[in-house]
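Descriptive analysis of the structure
Given next are the chains, with one letter for each unit.
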Amino acid sequence: MAPRTPAVADQAFVTLLTNDSYATGALVLAHSLHRVHTTRSLAVLVTSDVSQERREQLSAVFNLVQEVPRLDSEDAENLRLLNRPELGVTFTKINAWTLIQFNKCVFLDADTLVVRNVDDLFDRPELSAAPDVGWPDCFNSGVFVFKPDRSTYRALLEHAKKLGSFDGGDQGLLNSFWSNWACSDPSHRLPFVYNLTVSTSYSYAPALKRFGSDVRIIHFIGSIKPWHHSYSTAADQVILCPGTATTQEPVRKFLNIWWNIYITEIPSPYLVLTPPTPPLSPPYVSSGPYPDPSEPLPEAESEAWRASWEQGQIDYMGRDSFDRIQQHIDSLINSTETTASTETTDAPSITDEAETSA
Ligand code: UDP
Ligand code: GLC
Ligand code: MN
């Protein structure tokens, strides 16, 4: 499948992946942009750690899959303050300024979802962004308008080497580089609905109720991402990871949209079933009450079933639903315990991509 030809090819939405686990987010993001009929190109920056299989998936929806060097702040001290030790690699984001084939770009984190057309962002100047909920005099660097330019790229690199970043990630770096953002011309300040992040502030819930229908981009900040939750097709609802209700409940409606795109748009061979071991597992779909866990699994041992599984023809909602596979594994474990046998099973293996790609 080839990506759509954009009407405005010299402007692009850009995202970033330094590993396979964020690829799910990038794919859903690209589909969300197509759903709102963007007229711009879609580009994704990948580092050498992103697998060939993921690159092929990405090239079906992104017009450009560009490999870039991995850049890491290695600033453990400031990242500890952010409580996100893994975010040093977000320095890789500054490679976006090397995409000089585009005259204007909008960067979107791979954990964002576009719910209404935002092509008007391309009318904004560099650097335009929305306030960060943690410190509104800083902008959040999950969504920003920029102009690719080699000299800006070099200046950012130089700035990073000399001064580092106050949060250890790209947000601290970009905010100290564009340090007058908060008092610059208002055209640089995007409305919050262009980068809606969840907040626990008491004023958030009423505002979300009042302005929620204006939301254009939702940004699932924090270490728990939409693909770490699971989804019940029976209830048509996201099932939140244990312990995440306080932060995630307000954005449940948007998580449901994310999952709806994921289930309907991402080709099924790429849908990986995993046991629900959040927050490390990739997406997991449960078909709810069907099948009855007390039912035996007559075809579980069949060669045909195994062959179709291995070819990626997986019946996620029925025969191969997680509940049913889990039950099969449990029964095998029980029988292994009883017989003390060490034989391997005929059950399909359940891959945890997050673990294997780590
Ligand atoms: N990212 C990445 N690999 C990582 C961490 C982050 O590629 O290991 C990219 C990805 O595009 C992600 C962005 O950097 O959306 C910023 O990280 P994240 O969204 O997790 O930060 P948050 O918005 O939660 O602060
Ligand atoms: C922020 C932003 C994210 C950035 C991170 C590290 O919370 O949402 O885009 O990568 O901080 O600076
Ligand atoms: Mn983010």
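For the structure given in this document, a descriptive report is provided here. Because the structure is a prediction, the values reported are computed rather than measured. (Residues numbered from 1 in each chain as written. Chains lettered and ligands numbered in written order. Predicted model: local features only at pLDDT ≥ 70, side-chain atom pairs only at ≥ 80, totals over all residues. Heavy atoms only, no water.)

Some thoughts on the pairing of strand E1 (residues 8-17)
The element E1 is extensively covered by neighbouring structure, given that seven of its 10 residues are classed as buried. Both E1 and strand E2 (residues 40-46) contribute to a ladder of seven bridges, which runs parallel. Counterpart to Leu-16 in the pairing with E2 is Leu-45. When E1 meets strand E4 (residues 104-108), the two strands line up parallel, connected through four bridges. Note on E4: the bridge partner recorded for Ala-12 is Cys-105. (Buried < 20%, exposed > 50% of the residue type's maximum accessible area, 1.4 Å probe, protein only. Helix = DSSP H or I, 4+ residues; strand = E, 2+ residues; numbered from the N terminus. Pairing = 2+ DSSP bridges.)

Focus on the site of ligand 2
Near ligand 2 you find 13 residues, and of these Lys-93, Asp-109, Asp-167, Asp-170 and Gln-171 are the closest. Measuring from an oxygen atom of ligand 2, one finds a side-chain N or O atom of Asp-167 at 2.8 Å. Relative to its free-state accessible area of 310 Å², ligand 2 is covered by the protein chains to the extent of 88%. Those elements that place two or more of their residues in the shell around ligand 2 are strand E7 (139-146) and helix H5 (170-177). Looking at the shell around ligand 2, the element that brings in the most residues is E7, giving three residues. A breakdown of the residues in the shell around ligand 2 according to their chemical character gives two nonpolar, seven polar and four charged. (Near = heavy atom within 4 Å. Polar contact = N/O pair within 3.5 Å; in protein donor to acceptor, adjacent residues only side chain to side chain. Areas by Shrake-Rupley, 256 points an atom, 1.4 Å probe, with all protein chains shown as cover. Nonpolar A, V, L, I, M, F, W, Y, C, P; charged D, E, K, R; others polar.)

As for the packing of aromatic side chains
Geometrically, a pair of aromatic rings is defined through the distance of the ring centres and the angle of the planes. Under the definition given, this model contains 14 aromatic pairs. Judged by centre distance (5.6 Å) and plane angle (5°), the ring pair of Tyr-231 and Trp-259 falls under stacked. Taken together, the positions of Tyr-231 in strand E9 (residues 230-232) and Trp-259 in helix H8 (residues 252-265) put the pair 28 residues apart, joining distant regions of the chain. This pair shows no difference in class: Tyr-231 is buried, exactly as Trp-259 is. (Phe/Tyr/Trp six-rings, centres within 6.5 Å; stacked < 30°, edge-to-face > 60°.)

Notes on the packing of helix H1 (residues 23-35) against H8
Orientation of H1 relative to H8, taken along the N-to-C sense of each, is 95°, at an axis distance of 9 Å. Relative to H8, H1 is oriented roughly perpendicular. Residues Thr-24, Gly-25, Val-28, His-31, Ser-32 and Arg-35 of H1 form the contact with H8, whose participating residues are Trp-258, Asn-260, Ile-261, Tyr-262, Thr-264 and Glu-265. In the contact of H1 with H8, the residues fall into four nonpolar, six polar and two charged. (Axes fitted to C-alpha atoms, helices over the stretch in contact; angles between N-to-C directions. Parallel < 35°, antiparallel > 145°, perpendicular 65-115°, else oblique. Contact = heavy atoms within 4.5 Å.)

Regarding the coordination of the manganese ion (ligand 3)
For a metal bound by four donors in tetrahedral geometry, the ideal donor-metal-donor angle is 109.5 degrees, whereas six donors in octahedral geometry ideally sit at 90 or 180 degrees. Bound to the manganese ion (ligand 3) on the protein side are Asp-109 (OD), Asp-111 (OD), Asp-111 (OD) and His-219 (NE2), at distances that span 2.2 to 2.4 Å. Here the manganese ion (ligand 3) is ringed by six donor atoms whose angles at the metal span 56 to 172°, and the overall shape comes out irregular. Each donor residue of the manganese ion (ligand 3) lies on one chain, and together they are spaced D-x1-D-x107-H. With Asp-109 in the loop between E4 and strand E5 (112-114) and His-219 in strand E8 (residues 217-219), the pair connects residues that are 110 residues apart, well separated along the chain. Residue His-219 is classed as buried on the basis of its relative accessible area, which comes to 3%. (Donors = N, O, S within 2.8 Å, 3.2 Å for Na, K, Ca; no water. Tetrahedral: all angles 85-135°; square planar, octahedral: opposite > 155°, others 65-115°.)

A few points about unusual backbone geometry
The step from Glu-126 to Leu-127 runs through a cis peptide bond, and the omega angle for that step is -10°. As for its position among the elements, Leu-127 is in the loop between E5 and strand E6 (128-131). A positive phi angle is found at His-37, which is not glycine, with a value near 60°. Turning to its location among the elements, His-37 is positioned in the loop between H1 and E2. Relative accessible area serves as the criterion here: at 61%, His-37 is assigned to the exposed category. You will see that Asn-83, though not glycine, has its phi angle at about 60°, which is positive.

Description of the site of ligand 1
Surrounding ligand 1, one finds 16 residues, the nearest of these being Leu-16, Thr-18, Tyr-22, Gly-222 and Lys-225. Arg-84 is positioned such that a nitrogen or oxygen atom in its side chain is 2.8 Å from an oxygen atom of ligand 1. Interatomic distance of 2.8 Å between a backbone N/O atom of Gly-222 and an oxygen atom of ligand 1. Contact with the protein chains removes 91% of the 510 Å² of surface that ligand 1 exposes when unbound.

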